Amino acid sequence: MTEPIDTSIYSAVTAAIQTEAQRILAAGLVTAIVGYAASRRNGSTQPIIVTDAAAAEKLIFTPASVNNLALYLTKAKKEIPKKGKIGIVVKGCDLKAIVGLMGEAQLKRNDLYLIGVPCAGVLASTVQPSTALTADTIASKCTECDARLPSDCDYVPNVQLPTQPQLAGKYAVEIARLEALTPAERWAYWKEQFAKCIKCYACRQVCPFCFCEQCLCDRNKPQMVDTTPRPAGNTAWHIVRAMHLAGRCAGCAECERVCPMDIPLNLLNRKMAKELKELYDYEAGFEVNDKGPLTTYTDKDDQSFIK
Amino acid sequence: MSRIGVFICHCGENISRTVDVERVAQQVGKMPGVAFSTDYKYMCSDPGQNLLKKAIQEQNLTHVVVAACSPRMHEKTFRKAVEAAGLNPFLCEMANIREHCSWVHENREEATVKATEIVGMMVERVKKNRVLPTITVPVTKRSLVIGGGIAGIQAALDIADCGHEVILVEREPSIGGHMAQLSETFPTLDCSQCIMTPKMVDVANHPNIKLYTYSEIELVEGYIGNFQVTIKKRARSVDEDKCTGCGVCMTKCPQKKIPNKFDQNIGMRTAIYIPFPQAVPNTPVIDRENCTMFKTGKCGVCQKVCGPGAVDFEQQDQLIIEAVGAIVVATGFDLYTIDEKPKGSLIKGYGEFGHGKIPDVIDGMTFERLASASGPTGGKILRPSDGKEPKQIVFIQCIGSRAREKGISYCSKVCCMYTAKHTMLYHHKVHDGQAYVFFMDARTPGKSYDEFWRRSIEEEEAVYIRGMVSRLYQKGDKIIVRGSDIAVGVQVEIEADMVVLATAIQPQKGADTLAQKLGISYDKYNFYSEAHAKLRPVECATAGIYLAGACQGPKDIPETVSQASAAAAKVMTLFSKDLLEREPIVARVKESGCVGCFACKKVCAYGAVEEKEIRDRQGNLIKTVAFVNPGVCAGCGTCQATCPSKSVELDGYTDEQIVAMIESL
């Protein structure tokens, strides 16, 4: 199954991003643009903050543009100017994070200039950045993408998305497999996964929703979560993370991408999202909601847990 | 180092029967930080409390744990005692070893171990208690009363008579509510208008009452003692200051055939109107939907004939902001719509009774208007269809009420009594007529109520048939009513001239919207919920808001008046002090950790969380954080549980304390 995926539009997208970036920077509509630029390694990209119209030509979009740049609007925002509107290059999946952050009073729509990217998919973290995008090399999250064309952006390059081959949803398959296990088997699976954790907190640092200035896991009065990478503390950390992201995470899968121990973190998030969909018919990231399903009570809420 | 005193109560034998209290005292006495521990038969008694006070002074105690019953029972008692001995009352905690232990266990050994652990947990918790100063909040000594029926009028008069200003807001053009519509009232048959209108006039003339009629509540902000209320005063099109109430405009208005809602739409009114002759204020209002001037731009007769020039077609709706300290909600009831299912309602209609289709099938309130001397028929009982006097009349009870399958399971409480009254009024006015009543049960608790009902049967010749009506249809000019008499076990069929349906009481339309503006809770029928069904029946769970009358549930007039006076007394209690004291068990935000996601604000049921801007010395915004208003916070702890970064702490229940309790086990 090495079916190729057509990414020919990306060069047109790159050109359009550059033109638009140049225009809005020159016109003073924004003070900075967060986007992707070529990196040193062959084919790889890295986030870049452009503040000068002349530097807009550095902006690109390729199958290696994997990062969720929404991160640079919250905790990593120290690097970008404090005043004025900020432009940002967003894929559909990244936009969901921005939408969520707006609902949580972390971002204001008026402070942003959204450059939406029609996206055919990006590469999995396990392959070299110069690899061609195929059904095998595509990131797992892209197999289940429902937001190839971002909506409600200030600018979206006018290109036609090519038709995509039908891809099997990798998370859906894995969730179905785990759901079929007995609770004991499932617990064994996750215990094994969490045992790998080295508590580097890369998943926390890369998550756009982990915007707390003081993570509760770093608090020591009282110590909520054991800080050393031992089974109990690891499990506590991953459960806290999954619970805190329930109803908020829209699946950019950055946690999973950066995990040095290859713990399937997004799998846990997708399972939580599935529960939320089934219980409250709620999907994160599509509209700015003042109140998510877990901070609201309605008498239609599922009560079956009360026994 | 803390010097904690632990006092174990026997509660007579309630605790000591199952728990070895001496052993608990002994064990806990060994815990680090515990300086004194003892047991006593009744800690809450006078000698018990003295023992506690003496120990605090003699042993130089810094914290106190009383192991006894539920804190709901005696926390206040012991905190007071601790305060009397010179300690901050919030350095005293209770360990519940009665409800949580002795009452629910049988094995003495195990119960003793559990009691020791419960007390041990509280010892760990109290070590970390802080001295909490009582919170004081200033009180604006003005109150808002929403609804100008008998409930609102009574509450407003009581508060105003105590010397405090009242803002009375009524949606309709006149105050009076449903009681003004009634002909006579049970169980004494005195004329409703005769007892109601003097009170209405009192309201109009009272120097402490500011009356806004034809007005609605737009927005409620603030908290107990400090509410800001925005009132929308709808355009009357008549200047209240200029109008003398002469009524010439109404006699000259060419639009004369508009159904009058006050007369249940059987009487007619003009487009510029007062709903009824005794209306307060006696200032007409122009019904813009039906006024020729507003529809076509031509007419203006009322303006021409008005001597003082009070008619003002240009008048606009006004928004008025009033500051009040307390709110009494008295929005009353509405009658069940019989013929159709109201949109969005959980209640099904009663199409089978032909209301709306058969003109002589009317509801109870319409009968009141027919029987009223000021009603459309001048007090004669006449059929709406042909104006003839009905000689056979059938009353059907429990229409809508007590019918779970139709959506209402509650009893409307007043229908049994008012139907008995209707049979009497009918008998007094139509001497040769016969009244029949189909009923399920007669519910007549209340002073002189059952006697009244008996009188309708024994003296006023009403025939009561126990059973429900199965079918009702028009035949010629008669209405055939078919039903069963379950007492005898036969089918009955009555050829009636008129049928009166005793329809259920429902909350006023829009009751839910108003509740959302006020931040008070309501049940599935939209009746407002009281804070405690038995012990706090006139207060809402939201501090500073009180309930009066049928907005809380079906009520008759005496009950409504009592509740209105009770609500007024609650308002007066609040106004009796310049500063309101509140228990300081409230949440605090640790601003250093708060990232302003406002999850706490979203979950706060009391609207206590506000947004606070933190600025540097130059005035630049550093960040926006949550702020818990201690005047509003009820100390429920939901914000603490929700905060993802653990930046909210509830005093007395901090994470540190809870973890210390768990770790003591």
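For clarity, every value in this text was computed on a predicted model and none was experimentally measured. (Residues numbered from 1 in each chain as written. Chains lettered and ligands numbered in written order. Predicted model: local features only at pLDDT ≥ 70, side-chain atom pairs only at ≥ 80, totals over all residues.)

### Overview of the overall build of chain A
1) Next: Secondary structure assignment for chain A yields eight helices and five strands.
2) Next: Secondary structure of chain A in N-to-C order comes out as α-β-β-β-β-α-β-α-α-α-α-α-α. (Helix = DSSP H or I, 4+ residues; strand = E, 2+ residues; numbered from the N terminus.)

### Some thoughts on the overall build of chain B
1) Next: Looking only at helices and strands, chain B features 17 helices and 34 strands.
2) Next: Relative to all contacts within chain B whose residues are 6 or more apart in sequence, the contacts with residues 24 or more apart total 70%. (Contact = placed C-beta atoms within 7 Å.)

### With respect to the sheet that holds strand β24 (residues 469–475) of chain B
Residue and element names in this part refer to chain B.
1) Next: Here we have three strands laid out as an open sheet, ordered β24-β25-β26, and antiparallel in their pairing. With partners counted over all chains shown, the strands left at the sheet margins are β24 and β26 (490–496), one partner each. Averaged over all pairs of adjacent strands, the angle between strand axes in this sheet comes to 15°, irrespective of strand direction.
2) Next: Of the strand pairs in this sheet, strand β25 (residues 478–485) and β26 are connected by seven bridges, and their pairing is antiparallel. Pairing of Gly483 across the sheet is with Val492, part of β26. (Pairing = 2+ DSSP bridges. Axes fitted to C-alpha atoms, helices over the stretch in contact; angles between N-to-C directions.)

### Description of the interface of chain B and chain A
1) Next: On the side of chain A, 17 residues touch chain B, which itself brings 15 residues to the contact.
2) Next: Residue composition of the side of chain B that touches chain A, by class: seven nonpolar, four polar and four charged. (Nonpolar A, V, L, I, M, F, W, Y, C, P; charged D, E, K, R; others polar.)

### A word on the nonpolar core
1) Next: With 130 residues, the main nonpolar core has B:Ala155, B:Ala156 and B:Val499 as its most contacted residues.
2) Next: Each of domain 2 (142–332 + 546–575) and domain 3 (333–506) of chain B accounts for three or more of the residues forming this core.
3) Next: Apart from residues no more than four positions distant in its own chain, B:Val499 is found in contact with B:Asp360, B:Val361, B:Val394, B:Ile396, B:Leu472, B:Ile479 and B:Val481.
4) Next: In terms of nonpolar packing, the next biggest core, distinct from the first, is built from 102 residues, A:Ile33, A:Leu245, B:Val625 and B:Cys633 among them. (Core = buried A, V, L, I, M, F, W, Y, C linked by C-beta atoms within 7 Å. Buried ≥ 20, exposed ≤ 12 C-beta atoms within 10 Å, placed from the backbone. Domains from an automatic or database assignment.)

### Quick word on helix α1 (residues 9–26) of chain A
Residues and elements named next belong to chain A.
1) Next: Across its 18 residues, α1 extends 26 Å between first and last C-alpha, which sits within 8% of the 26 Å expected from 1.5 Å per residue.
2) Next: Looking only at α1, the buried set comprises Tyr10, Val13, Thr14, Ala16, Ile17, Glu20, Ala21, Ile24 and Leu25.
3) Next: Check the buried side of α1 and you find it contacts β1 (32–38), β2 (45–50), β3 (59–60), β4 (86–90) and β5 (112–116). (Expected span 1.5 Å × (residues − 1).)

### So, the confidence of the model for chain B
1) Next: Across chain B, the average pLDDT comes to 93, with 98% of residues at or above 70.
2) Next: At the level of chain-chain contacts, confidence expressed as ipTM amounts to 0.87, with global pTM at 0.66. (pLDDT = per-residue confidence, 0-100.)

### Some remarks on the environment of B:Gln506
Residues and elements named next belong to chain B.
1) Next: Note that Gln506 resides in strand β28 (residues 505–507).
2) Next: Looking at Gln506, the number of C-beta atoms within 10 Å reads 25, which means it is buried.
3) Next: Sequence-wise, Gln506 and Gly332 are 174 residues apart; in three dimensions their C-alpha atoms are separated by 8.7 Å.
4) Next: Discounting residues that sit within four places of it in the chain, Gln506 has contacts with Phe333, Asp334, Tyr336 and Tyr525.

### Focus on unusual backbone geometry
1) Next: Cis geometry is adopted by the peptide bond preceding A:Pro222, which originates at A:Lys221 and carries an omega value of 0°.
2) Next: The omega torsion of the bond from B:Val280 to B:Pro281 falls at 0°, within 30 degrees of zero and hence cis.
3) Next: With respect to the helices, strands and loops of the structure, B:Pro281 is situated in the loop between β15 (272–273) and β16 (285–286).
4) Next: Of note, B:Asn60 is a non-glycine position whose phi angle comes to about 55°, a positive value.
5) Next: Inspection of the secondary structure assignment puts B:Asn60 in the loop between α2 (46–59) and β3 (63–68).
6) Next: Among the residues examined, B:Asn60 registers 11 C-beta atoms within 10 Å and is labelled exposed.
7) Next: The phi torsion at B:Arg402 lies on the positive side, around 55°, for a residue other than glycine.
8) Next: As for its position among the elements, B:Arg402 is in the loop between β21 (392–399) and α11 (415–429).

### What about the packing of α11(B) against helix α12 (residues 449–458) of chain B?
Residue and element names in this part refer to chain B.
1) Next: The interhelical angle for the contact between α11 and α12, taken along N-to-C directions, is 40°, at an axis separation of 9 Å. Judged by the angle between their axes, α11 and α12 are oblique. In terms of crossing hand, the pair formed by α11 and α12 is left-handed. Judged by residue contacts, Cys416, Met417, Ala420, Thr423 and Met424 of α11 engage Tyr449, Phe452, Trp453 and Ser456 from α12.
2) Next: Partitioned by chemical class, the residues of the contact of α11 with α12 number seven nonpolar, two polar and no charged. (Parallel < 35°, antiparallel > 145°, perpendicular 65-115°, else oblique. Left-handed = near helix turned anticlockwise from the far one by under 90°.)

### Section: the packing of helix α10 (residues 364–371) of chain B against α11(B)
Residues and elements named next belong to chain B.
1) Next: As a packed pair, α10 and α11 sit with axes 11 Å apart at the nearest point and diverge in direction by 30°. Taken together, the axes of α10 and α11 lie roughly parallel to each other. Between α10 and α11 lies a crossing of left-handed hand. Every residue of α11 that contacts α10 at Gly364, Phe367 and Ala371 is listed here: Tyr418, His422, Leu425 and Lys429.
2) Next: Partitioned by chemical class, the residues of the contact of α10 with α11 number four nonpolar, two polar and one charged.

### Some words on the sheet that holds strand β23 (residues 463–466) of chain B
All names here are of chain B.
1) Next: The five strands are arranged β20-β27-β21-β22-β23 in an open sheet whose pairing can be described as parallel. One side of each edge strand has no neighbouring strand; the edge strands of this open sheet are β20 (361–363) and β23. Across the sheet, the axes of successive neighbouring strands diverge by a mean angle of 25°, strand direction being ignored.
2) Next: With five bridges connecting them, β21 and strand β22 (residues 434–439) associate as parallel partners. The residue bridging Ile396 from the neighbouring strand is Phe438, located in β22.

### With respect to the environment of B:Ala85
Residues and elements named next belong to chain B.
1) Next: Position of Ala85 relative to the elements: it lies in the loop between α3 (71–84) and β4 (92–96).
2) Next: C-beta crowding within 10 Å serves as the criterion here: with 19 such atoms nearby, Ala85 is assigned to the partly exposed category.
3) Next: Between the alpha carbons of Ala85 and Lys54 there is a distance of 7.7 Å; along the sequence they are 31 residues apart.
4) Next: Dropping the residues within four chain positions of it, Ala85 is found in contact with Lys53, Ile56 and Gln57.

### Things to note about the environment of B:Thr38
All names here are of chain B.
1) Next: Within the secondary structure, Thr38 is located in strand β2 (residues 34–40).
2) Next: A residue is classified by how many C-beta atoms lie within 10 Å of it, and Thr38, with 17 of them, is partly exposed.
3) Next: In sequence terms Thr38 and Gln26 are twelve residues apart; their C-alpha atoms lie 7.7 Å from each other.
4) Next: Ignoring anything within four residues of it in the chain, the contact list for Thr38 reads Phe7 and Ala25.

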